[in-house]
Amino acid sequence: MASDKKSLAVAALENGTVIDHIPADQLFKCVKILDLEGLDKQLTIGNNLRSDKLGAKGIIKIADVTIPEPVINRIALVAPNAVINLIRNYEVVDKRPVKLPDMVVGIVRCANPKCITNNEPMKTRFDVIDAERREIRCHYCGVTVTGAKADII
Amino acid sequence: MNPHSLVSIDDLSKDKIMQLLDRAKFFEEHPNHRFLAGKVVGTLFFEPSTRTRLSFETAVNRLGGRIIGFSDPSATSTSKGESLKDTIKMVSNYVDLIIMRHYLEGAARYATEVTDVPVINAGDGANQHPSQTMLDLYSIYKTQGKLTDLTITLVGDLKYGRTVHSLIMAMKYFNPTFRFVACNELRMPKEYLDFCDSQGIKYTEHTDFSAEVIDSSDIIYMTRVQRERFTDLMEYERVKDLYTLHNAMLDNSRDNLRILHPLPRVNEINVDVDDNPKAYYFEQARNGLFMRQSLICEALQIDPQSDFAE
Ligand SMILES: [Zn+2]
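Draft legend 1. Region of interest: the overall build of chain B. Along chain B, the regular secondary structure elements total 11 helices and nine strands. Scaling as 2.2 N^0.38, a compact globule of 310 residues should have a C-alpha radius of gyration of about 19 Å, and chain B matches this with 20 Å. In terms of overall dimensions, chain B has a C-alpha envelope of 55 × 50 × 40 Å along the principal axes. As presented, chain B carries roughly 13300 Å² of accessible surface, and 46% of it is formed by carbon and sulfur atoms. If you average the places of the 35 positive and of the 44 negative side-chain charges in chain B, the two averages end up 3 Å apart.

What follows is the structure, given as structure tokens:
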């Protein structure tokens, strides 16, 4: 727990969610995927923090909100090793890795300009065909893309 | 969403494919029966395709159904910016079945999600064209008497050729051996080679359209090599005639060999092949009619064979 305390101490959180171990170059994609911009709660975003595992990492701290797990899991597409920490009274009460869902809806833009999803007011939908490699396939046109290269809407 | 829509060849199980082939054979023997009496079919061609539209509309007419629709989207409100969803919802009020062709990939899949009327995909961009694949299967089945254990040679544009990709997917149930004959620039994409590997499908790749390849084939499936597919026009000039079939090349071919082509052809099959009994591309197009009658009945859950027996 020593390393947790060190990294989480940037702005100690009484209650809320801390998402840790986000690759530095994917942090702002995660912010976008979680749609944090409109949130009126206290939000701390740190980037390029030192990490033994990742070299440089990003971290997101959200006070007083428990974001549902299926929502947080969406970031597994770009941050497969991210860890969700649930904080109660300054203590980490739960800690789990993110997990890629079977389907990715409404967050990735299809790379195919001739895809119906790029020409019709509708939600995109991708089926996860290889969770390990984070490979997803457009449910409509069949074009595939891997996680880190995904164009986030 | 209607469960009897047909969007992609992947939607069909082996049993369903065999049932549809059997039914196409029934329609070949009984082409004119009014199984669609009182039904209205919408043929929505957001992209013109005279050949496919005539085949589908003939199928509906021979089954005694009626047709509404359009063959040129410039005459519709789509050209005024109406969404696909709105067009499909509007037409769904009037028809029992939608047959649609669209220039955008995934359009047919999306259409199935916004209506309860069954939808048959008559081609969505470079994506899927399942009635073409099914008529190809029917042509192979009819000429060879079976679908299993055949050696099938695919020639020409294997990179962009939608029909050859779908044929590979559909043949996965039937233990085929494929020969892929193409120039380097138009060779079979890796994802389809990977698919063959994952399914245990045997294949070899060739840049030469050689006698050895021709003489060991049961089916040769020719496709068009289009100039606009090449990034290097020198390469096009170099290869454009290497993948043309001439009658003399068939001298030592197997008796059961048949030549298929999705049509229209340009010059990849010389006209001197046309009179060879192994040329099958015109009959292949005719088979499309019977297969489309079969697919239309499936989408509407009409069982013509049992209805006919009664
Ligand atoms: Zn797409």
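From this point on, the discussion continues.
Draft legend 2. Structural detail: helix H2 (residues 50–62) of chain B. All names here are of chain B. Counted at 1.5 Å a residue, the expected span for H2 with its 13 residues is 18 Å, and the 18 Å between its end C-alpha atoms agrees. Inspection of H2 places Thr 52, Arg 53, Ser 55, Phe 56, Glu 57, Ala 59 and Val 60 among the buried residues, and these make up the whole buried set. Buried residues in H2 make contact with strand E1 (40–45), strand E2 (66–70), strand E3 (97–102), strand E4 (119–124), helix H5 (130–144) and helix H10 (281–299).

Draft legend 3. Layout of the packing of aromatic side chains. Residues and elements named next belong to chain B. Per the counting criterion, the structure on display carries 10 aromatic pairs over all chains. On the basis of an interplanar angle of 50 degrees and a centroid distance of 6.4 Å, the ring pair of Phe 26 and Phe 35 is categorised as tilted. Just as Phe 26 is buried, Phe 35 falls in that class too. A centroid spacing of 5.2 Å and a plane angle of 85 degrees characterise the contact between Phe 46 and Phe 70, whose relative ring orientation is edge-to-face.

Draft legend 4. Main features of empty space enclosed by the protein. Residues and elements named next belong to chain B. According to the stated counting rule, one finds one cavity of 30 Å³ or more in the structure shown. Forming the walls of the largest cavity are Ile 9, Asp 10, Leu 12, Ile 17, Met 169, Ala 170, Lys 172 and Tyr 173. Partitioned by chemical class, the residues of the lining of the largest cavity number six nonpolar, no polar and two charged. Here the lining of the largest cavity spans two domains, and each of domain 1 (9–129 + 286–309) and domain 2 (130–285) adds at least three residues to it.

Draft legend 5. Inspection of the layout of surface pockets at higher detail. A volume near 1300 Å³ is recorded for the largest pocket. If you trace the largest pocket, you find 37 residues lining it, with A:Arg137, A:Cys141, A:Gly142, B:Glu191 and B:Tyr192 closest to the centre. Every element with two or more residues in the lining of the largest pocket is listed here: strand E8 (125–130) and strand E9 (135–138) of chain A together with helix H6 (162–170) and helix H7 (190–199) of chain B. Top contributing element to the lining of the largest pocket by residue count: H7(B), with five residues. Each residue belonging to the lining of the largest pocket can be placed in one class, and the counts come to 12 nonpolar, 11 polar and 14 charged. The computed volume of the second largest pocket comes to approximately 820 Å³. Surrounding the second largest pocket, 30 residues form its lining, B:Arg101, B:Arg162, B:Thr163, B:Arg224 and B:Leu263 being those nearest its centre. Elements supplying a minimum of two residues to the lining of the second largest pocket: H2, H5, H6 and H10 of chain B. In terms of residue class, the lining of the second largest pocket is built from nine nonpolar, 12 polar and nine charged. Shared between two domains, the lining of the second largest pocket holds at least three residues of each, these being domain 1 (9–129 + 286–309) and domain 2 (130–285) of chain B.

Draft legend 6. Main features of a nonpolar patch on the surface. A cluster of nonpolar side chains, namely A:Phe28, A:Leu39, A:Leu43 and A:Ile45, defines an oily patch on the protein surface of about 330 Å² accessible area. Checked against the element boundaries, A:Ile45 lands in strand E2 (residues 43–51).

Draft legend 7. Molecular detail of the sheet that holds E2(A). Residue and element names in this part refer to chain A. With antiparallel pairing, five strands are arranged side by side in an open sheet as E2-E3-E1-E4-E5. The open sheet has two free edges, formed respectively by E2 and strand E5 (91–97), since each of these has just one partner strand. Strand-to-strand twist across the sheet, computed as the mean angle between neighbouring axes with direction ignored, equals 20 degrees. As judged from the six bridges shared by strand E1 (residues 16–23) and strand E3 (residues 55–63), these two strands associate in the antiparallel manner. The residue bridging Ile 19 from the neighbouring strand is Ile 60, located in E3.

Draft legend 8. Focus on the interface of chain A and chain B. At the interface, 12 residues of chain A touch 13 residues of chain B. Counting each side, the surface lost to burial between chain A and chain B is near 1000 Å², with a carbon and sulfur contribution of 51%. On the chain A side of the contact with chain B, A:Lys114, A:Ile116 and A:Tyr140 bury the most area, a combined 51% of that side's loss. The tally of links from chain A across to chain B stands at one salt bridge. For A:Lys114, the salt bridge is made with B:Glu105, and the minimal N-O distance between the two is 3.8 Å. Our count for the chain A to chain B interface comes out at nine residue pairs in polar contact (both at pLDDT 80 or more).

Draft legend 9. The packing of helix H1 (residues 14–29) of chain B against H10(B), seen in detail. Residues and elements named next belong to chain B. Between H1 and H10, the shortest axis-to-axis distance is 8 Å and the interhelical angle comes to 120 degrees. Here H10 runs oblique to H1, going by the angle between their axes. In this structure, the crossing between H1 and H10 has a hand that is right-handed. Contacts between H1 and H10 pair Lys 16, Gln 19, Leu 20, Leu 21, Arg 23, Ala 24, Phe 27 and Glu 28 from the former with Arg 286, Asn 287, Phe 290, Met 291, Gln 293, Ser 294, Leu 295, Cys 297 and Glu 298 from the latter. Tallied by class, residues from the contact of H1 with H10 come to eight nonpolar, four polar and five charged.

Calculation notes
Residues numbered from 1 in each chain as written. Chains lettered and ligands numbered in written order. Predicted model: local features only at pLDDT ≥ 70, side-chain atom pairs only at ≥ 80, totals over all residues. Heavy atoms only, no water. Helix = DSSP H or I, 4+ residues; strand = E, 2+ residues; numbered from the N terminus. Rg over C-alpha atoms; globule rule 2.2 N^0.38 Å. Areas by Shrake-Rupley, 256 points an atom, 1.4 Å probe, with all protein chains shown as cover. Lys, Arg positive; Asp, Glu negative; His and termini not counted. Charge placed at Lys NZ, Arg CZ, Asp CG, Glu CD. Expected span 1.5 Å × (residues − 1). Buried < 20%, exposed > 50% of the residue type's maximum accessible area, 1.4 Å probe, protein only. Contact = heavy atoms within 4.5 Å. Phe/Tyr/Trp six-rings, centres within 6.5 Å; stacked < 30°, edge-to-face > 60°. 1 Å grid on protein atoms, 1.4 Å probe; cavity = no way out; pocket = protein on both sides within 12 Å on 5 of 7 lines; lining within 4 Å. Points joined across faces, edges and corners; volume = space filled by probe spheres on them. Nonpolar A, V, L, I, M, F, W, Y, C, P; charged D, E, K, R; others polar. Domains from an automatic or database assignment. Patch = residues over 30% accessible without salt bridge, like charges linked within 9 Å, V, L, I, M, F, W, Y side chains within 5 Å. Salt bridge = Lys/Arg side-chain N within 4 Å of Asp/Glu carboxyl O. Pairing = 2+ DSSP bridges. Axes fitted to C-alpha atoms, helices over the stretch in contact; angles between N-to-C directions. Buried area = accessible area lost by both parts, 1.4 Å probe. Polar contact = N/O pair within 3.5 Å; in protein donor to acceptor, adjacent residues only side chain to side chain. Parallel < 35°, antiparallel > 145°, perpendicular 65-115°, else oblique. Left-handed = near helix turned anticlockwise from the far one by under 90°.

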